[in-house]
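# Commentary on secondary and tertiary structure
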Amino acid sequence: MAKLTIVANIKANADKIELVKAELLKLIDITRAEEGCINYDLHQDNENPAHFVFYENWESRELWQTHMGNTHLAEYMAATEGAVSEFTLNEMTQIA
């Protein structure tokens, strides 16, 4: 099974940057401990502090799907409802 790379872009509303950042930070340790998680790295744009990117690698899509169904992600969604202006997620495969 091929490794799965996830690139998730999260753009917070200008007045909710710190809330979104705090909630994203809560996800890191618990996710890194999940089965199949190779890395789970959060980045914040140097020019636009409202833009966050998670760069993730998983052993398989199935294990990532298990992650996506976990309660800590549901809790994040509830805590940031109305605070995120844009969210995009790309499932990717390393080719070189």
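Provided above is the structure to which this section pertains.
Below you will find a few notes about this structure. Bear in mind that the values here come from a model prediction, so they are computed numbers and not experimental data.

### Focus: helix α2 (residues 61-68)
An α-helix turns once per 3.6 residues; consequently, residues spaced three or four apart project the same way. Along α2, the residues that are buried comprise Leu-63, Trp-64 and His-67. Summarising the axial view, the buried residues of α2 lie within an arc of 100°, below the 170-degree limit, and thus occupy one face. Check the buried side of α2 and you find it contacts β1 (4-12), α1 (17-32), β2 (37-44), β3 (51-58), α3 (71-79) and β4 (84-92).

### Considerations on the sheet that holds β1
What holds strands together in a sheet is hydrogen bonding between their backbones, with the strands either parallel or antiparallel. Reading across from one edge, β2-β3-β1-β4 is the order of the four strands in this open sheet, with antiparallel pairing throughout. Either end of the sheet is taken by a strand with one partner, and the two such strands are β2 and β4. Adjacent strand axes in the sheet meet at a mean angle of 10° when their direction is disregarded. With eight bridges joining them, β1 and β4 adopt antiparallel strand pairing. For Lys-11, the partnering residue across the bridge sits in β4 and is Glu-86. This element, α1, spans β1, β2, β3 and β4 of the sheet and lies at about 165° to β2. Here α2 sits on the sheet and contacts β1, β2, β3 and β4; the angle it forms with β3, its principal contact strand, is near 135°.

Each value, and the rule that gives it
Sequence order as written defines the numbering, with residues in each chain counted from 1. Given that the model is predicted, a residue must reach a pLDDT of at least 70 before its local features are reported, and side-chain atom pairs must reach 80 or more before they are shown or counted; all residues, however, enter totals for whole chains, interfaces and linings. For the side-chain quantities, the full set of heavy atoms in the structure was used; hydrogens and water were omitted. The buried label applies to any residue whose accessible area, calculated with a 1.4 Å probe on protein chains only, is under 20% of its type's maximum; exposed applies above 50%, and partly exposed to all values in between. Numbered from the N terminus, helices here are DSSP runs of H or I no shorter than four residues, and strands are runs of E no shorter than two. What the arc describes is the spread of directions from the helix axis to the C-beta atoms. Throughout, a residue-residue contact means that at least one pair of heavy atoms, one from each residue, lies within 4.5 Å. Whether two strands pair depends on DSSP finding at least two bridges between them. Axis definition: a line fitted to C-alpha atoms, limited for helices to the stretch in contact. Angles are taken between N-to-C directions and run from 0 to 180 degrees.

That's the geometry; what it means functionally is another story.
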